[in-house]
Amino acid sequence: MTSIAANLQAVRARIAAACVAAGRPAGSVQLLAVSKTWPAASVREAVAAGQRAFGENYAQEAVDKATELTDLGLEWHFIGPLQSNKSRLVAENFDWVHTLDRLKIAERLAAQRPPALVPLQVCIQVNVSGEASKSGCAPDQAAALAHAAAALPNLCLRGLMAIPEPGDDVRLQRRRFALLRQLHDRFNTEGLLLDTLSMGMSHDLEAAIMEGATLVRVGTAIFGERKPA
Ligand SMILES: *Cc1c(COP(=O)(O)O)cnc(C)c1O
């Protein structure tokens, strides 16, 4: 029998082993538990096992869950495709957004983030897989978006995020993640102050950590297989 607590422990062990393999300090990779489609009770189980940061793809679903769990003071990360008509809900209710991919949305989030809250922490999603993926901005547009987003009020640009195409080819996974790291490093030489590489999921977190991930987004390995929508 598996439990969320046991799964979390196993994922933490995978992260620790990957850090050793990469020659990186223990604790240099943050775990984001992706709780999309799972009920608040599942989130509570993860919290009881020490997890504090959760990722969600659907804004309203997340807000409903967070409302049930306000007593716990959790950190909520929006990691789904972000449409204009959901930007206010996200700006008002989340701590982080990982999927910023165009200036128009950045401007809406900046205008809609309540100034009484700490700035919204944002990552720019980059399409590192070319035609194999549709989400994220093109690598050659990321610099312009990053510099523009960094200048907006009520946002704090933290880094870059990517979702490579699925697949078991570890060398291909590493090539995709390396591209994101190279962009991150280049933007920092251009004066940005990025500290976050949001990359790696249940099946490819080891490859992501080898290439410098500072945050991995893990759902299935913690909560189990999601039911098809
Ligand atoms: C669902 C999702 C995850 C988690 O994926 P798993 O394969 O279940 O670990 C991570 N990142 C994003 C953007 C997702 O949509």
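Notes on the structure in this doc start here. Not measured: the values here are computed from a predicted model.

## What about the packing of helix α6 (residues 139–150) against helix α7 (residues 170–189)?
- One can describe the packing of α6 onto α7 by two numbers: an axis separation of 11 Å at closest approach and a directional angle of 35°. Where α6 crosses over α7, the handedness of that crossing is right-handed. Across the interface between the two elements, Pro139, Ala142, Ala143 and Ala146 of α6 pack against Leu179, Leu183, Arg186 and Phe187 of α7.
- In terms of residue class, the contact of α6 with α7 is made up of seven nonpolar, no polar and one charged.

## Things to note about the packing of aromatic side chains
- Under the defined criterion, the tally for this structure stands at three aromatic pairs.
- Geometrically, the ring pair formed by Phe54 and Trp76 is tilted, given 5.8 Å between the ring centres and 40° between the ring planes. Of this pair, Phe54 sits in strand β2 (residues 53–56) while Trp76 sits in strand β3 (residues 75–78); the two residues are 22 residues apart in sequence, bridging distant segments of the chain. The pair Phe54 / Trp76 is uniform in exposure class, with both members buried.
- Taking the centre distance of 5.3 Å and the plane angle of 80° together, the rings of Phe78 and Phe94 count as edge-to-face. With Phe78 in strand β3 and Phe94 in the loop between α4 (87–93) and β4 (96–100), this residue pair connects regions lying 16 residues apart in the sequence.
- With relative accessibility at 2%, the residue Phe78 sits in the buried group.

## Looking at unusual backbone geometry
- Positioned with a positive phi, Thr37 is a non-glycine residue whose angle comes to about 70°.
- Here Thr37 lies in the loop between β1 (30–34) and α2 (40–48).
- Accessibility expressed as a relative area gives 42% for Thr37, which makes it partly exposed.
- One non-glycine residue, Asn154, lies in positive phi territory at about 65°.
- Tracing the sequence through the fold places Asn154 in the loop between α6 and β6 (155–161).

## Some thoughts on the pairing of strand β5 (residues 120–125)
- Counting buried positions along β5 yields six of six residues, so the element is predominantly enclosed.
- You can see the chain leave β4, run along helix α5 (residues 103–112) and come back into β5, and the turn it takes is right-handed.
- Across six bridges, β5 lies against β6 in parallel orientation. Within the sheet, the bridge partner assigned to Cys123 lies in β6 and is Gly159.
- For the handedness criterion, the β-α-β arrangement of β5, α6 and β6 is classed as right-handed.

## Thoughts on the site of the ligand
- The environment of the ligand is made up of 13 residues, and the closest members are Lys36, Asn57, Ser202, Thr220 and Arg226.
- In this structure, an oxygen atom belonging to the ligand sits 2.7 Å away from a side-chain N or O atom of Lys36.
- Contact between the ligand and Arg217: a nitrogen atom at 2.9 Å from a side-chain N or O atom of the residue.
- Here the ligand has 390 Å² of accessible area as a free molecule, and 90% of this is covered by the chains.
- Class assignment of the residues belonging to the shell around the ligand gives a composition of six nonpolar, four polar and three charged.

## What to know about the pattern of salt bridges
- Scanning the entire structure with this criterion turns up 11 salt bridges.
- For Arg14, the salt bridge identified is with Glu206, shortest N-O distance 2.8 Å. Residue Arg14 is found in helix α1 (residues 4–22), and its partner Glu206 is found in helix α8 (residues 205–210); the two are separated by 192 residues along the sequence.
- On the basis of relative accessibility, which here comes to 26%, the residue Arg14 falls in the partly exposed class.
- Note on Glu206: relative accessible area 30%, which makes it partly exposed.
- Residue Arg88 is joined to Glu92 by a salt bridge in which the shortest nitrogen-to-oxygen separation is 3.5 Å. Placement of the pair is Arg88 and Glu92 together in helix α4, with a separation of four residues, close to one helical turn.
- Taken together, the salt bridges that share partners define one network made up of Glu56, Glu61 and Lys65.

The rules we used
Residues numbered from 1 in each chain as written. Predicted model: local features only at pLDDT ≥ 70, side-chain atom pairs only at ≥ 80, totals over all residues. Heavy atoms only, no water. Axes fitted to C-alpha atoms, helices over the stretch in contact; angles between N-to-C directions. Helix = DSSP H or I, 4+ residues; strand = E, 2+ residues; numbered from the N terminus. Left-handed = near helix turned anticlockwise from the far one by under 90°. Contact = heavy atoms within 4.5 Å. Nonpolar A, V, L, I, M, F, W, Y, C, P; charged D, E, K, R; others polar. Phe/Tyr/Trp six-rings, centres within 6.5 Å; stacked < 30°, edge-to-face > 60°. Buried < 20%, exposed > 50% of the residue type's maximum accessible area, 1.4 Å probe, protein only. Right-handed = clockwise from strand over helix to strand, strands pointing away. Pairing = 2+ DSSP bridges. Near = heavy atom within 4 Å. Polar contact = N/O pair within 3.5 Å; in protein donor to acceptor, adjacent residues only side chain to side chain. Areas by Shrake-Rupley, 256 points an atom, 1.4 Å probe, with all protein chains shown as cover. Salt bridge = Lys/Arg side-chain N within 4 Å of Asp/Glu carboxyl O.

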